[in-house]
Each structure stands twice: as structure tokens, then as C-alpha cells.
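What follows is the residue order along each chain.
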Amino acid sequence: MKKVKQFFTRHFIVAPVSFGTYLFLLLGTGIPFLAATGILITMYLGGTFAIKQVQISSSVKELGMTRSEYRHIELQLHEAKQKIKKLNSLYGQVRSVQAFRQVYELSNLSRKVLAIVRNDPKKFYQTEQFFYAHLDSAVELTTKYALLANQQLKEKEVRIALQHTRETITDVTHQLESDLQDALSTDLAALQLELDYVDITMARKKSLPNTKGETLDDRKSANE
């Protein structure tokens, strides 16, 4: 969401300046059309690039990372997105409802982890195994399963291999569930701290003496 906002911000800033300059050059200076168009393209591309670099620097500073770390995480996010696309392309190649559900679970869990890390790149370090191993295993196993499932031969060895692959895919699904839990761990910890704080605050309020009640009681006693 932040990247989408930054994208529109860049173009919202650069577009009026670039096209305003373009019109001024054409109508106010009489510069040739091709030259003015070249300046427009240069200004637009250069402006969006410059603002993007400023936005990246701001994000890197806010995250407390180096640019190389940020670029590495961006690369891992891009590669993971491509792997999930490949995983989704296997839906039509599996031959059983059980296998279809497994592919759906793998894809769903992967997309959730990816979305969390994209929103907060620091969580990459909590989910490194997802990017370096678990997602690769999911794609590789599902690809092999689809290949075996589409074989015309249904010999005993093939059936055994398919069953074993399904079982292994289940194990990988558990790994992805663990990765999602790791991605959410800091949020859950923060939520628990907030709940604990609210509980303590409420307990303190309940333990405080009711000053209003005491004052009323004192007045009643005085009147009597």
C-alpha cells in the first residue's frame, strides 16, 4: 500500500511540472516539437527517478537498514512473487481435489507471508527460511506432483510416488504455517503487551477507593 501511495505521489508531483514546462516550451518559446517532447520525456523520467530515490532513502532510514539490505529484500520479494505465480499456474495440472486444496493452501499461505513482509520489510529476517527454502520446496514438489499426475502410466510405483509427494507437501504446508506465525510473532507480542497493559490499568482503577462514595457517606453521617 505504501509503495502504491509513493508511486502516485511521484507522478502527481512530476506530471504538472513536466507538462507545464512542455506547453511553455511549445507555446512560449517556439522550440521545435521533437525537442520539446525530448525535454518532456527527460524531465518526467528524471523527476520520477529522483523522487523515487528520495522516497527509498526515507524508507531505508525509517526502517533502520542500509540500501544494500533494502535492495536485497526487494529482490527476494520479487523472486518470491514469481515463484507464487508459478505455483498458481499448477492448479489446472493436478488431478485430485485433495491436491487442488493443497496447492490452494500453499499459495494462500505464501501470499500472506509475502504481503506481511512487503508491508514491513524488517519481518524478512523473521521469515528467511520461507524465502530461501520453504517456498522453493513448495514449488518444486507441486511441480513434480503435477508431472507425475499427468503420466498415462498408473503403475504401483507411480501411485506410491504420488502418495509420498502429497504427504511431503503436507509437511511443507506446516512449514509455511510456521513461517506465517513467525511473520506475525512481533505483532502478536505487541498485542499481548497492549492487552496486559489494559488489564493492569483496569485492575488499578478497580482497586482505587471510591472517593465519591466516601464523600456521600460522610455527608449522610454528618446530617444524622
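Shown above is the structure to which this text applies.
Residues numbered from 1 in each chain as written. Predicted model: local features only at pLDDT ≥ 70, side-chain atom pairs only at ≥ 80, totals over all residues. Heavy atoms only, no water.

Let us look at the overall build of the protein chain. Of regular secondary structure, the protein chain possesses seven helices and zero strands. Secondary structure elements of the protein chain, listed N to C terminal, follow the sequence α-α-α-α-α-α-α. In the protein chain, buried positions account for 29% of the 224 residues. Here the analysis covers contacts within the protein chain between residues at least 6 apart in sequence; of these, 69% occur between residues at least 24 apart. Accessible area for the protein chain stands at about 15,100 Å²; split by element, carbon and sulfur atoms hold 62% of it. (Helix = DSSP H or I, 4+ residues; strand = E, 2+ residues; numbered from the N terminus. Buried < 20%, exposed > 50% of the residue type's maximum accessible area, 1.4 Å probe, protein only. Contact = heavy atoms within 4.5 Å. Areas by Shrake-Rupley, 256 points an atom, 1.4 Å probe, with all protein chains shown as cover.)

What follows covers the nonpolar core. In this structure, Leu106, Phe131 and Tyr145 are the most contacted members of the largest nonpolar core, which totals 35 residues. Broken down by secondary-structure element, the contributors of at least two residues to this core are helix 2 (33–63), helix 3 (67–88), helix 4 (97–119), helix 5 (128–149) and helix 6 (156–207). (Core = buried A, V, L, I, M, F, W, Y, C linked by side-chain atoms within 4.5 Å.)

Further remarks concern the packing of helix 4 against helix 5. Contact geometry of helix 4 with helix 5 gives a least axis separation of 11 Å together with a crossing angle of 160 degrees. Between helix 4 and helix 5, the angle is such that the two are roughly antiparallel. Read as a crossing pair, helix 4 and helix 5 show a hand that is left-handed. On helix 5, the residues touching Ala99, Val103, Leu106, Ser110, Val113, Leu114 and Val117 of helix 4 are Phe130, Phe131, Leu135, Ala138, Thr142 and Tyr145. (Axes fitted to C-alpha atoms, helices over the stretch in contact; angles between N-to-C directions. Parallel < 35°, antiparallel > 145°, perpendicular 65-115°, else oblique. Left-handed = near helix turned anticlockwise from the far one by under 90°.)

Turning next to the environment of Glu74. Locating Glu74 in the fold gives a position in helix 3. Looking at Glu74, the relative accessible area reads 25%, which means it is partly exposed. Spatially, the C-alpha atom of Glu74 lies 10.0 Å from that of Phe124, the residues being 50 residues apart in sequence.

The geometry of helix 3 relative to helix 4 is characterised by a closest axis approach of 10 Å and an angle of 160 degrees between their N-to-C directions. By the angle between their directions, the pair helix 3 and helix 4 is classed as roughly antiparallel. Our pair here, helix 3 against helix 4, has a crossing hand that is left-handed. Seen from helix 3, the contacting residues are Leu77, Ala80, Lys81, Ile84, Leu87 and Asn88; seen from helix 4, they are Val103, Leu106, Ser107, Ser110, Arg111, Leu114, Val117 and Arg118. A per-class count over the contact of helix 3 with helix 4 returns eight nonpolar, three polar and three charged. (Nonpolar A, V, L, I, M, F, W, Y, C, P; charged D, E, K, R; others polar.)

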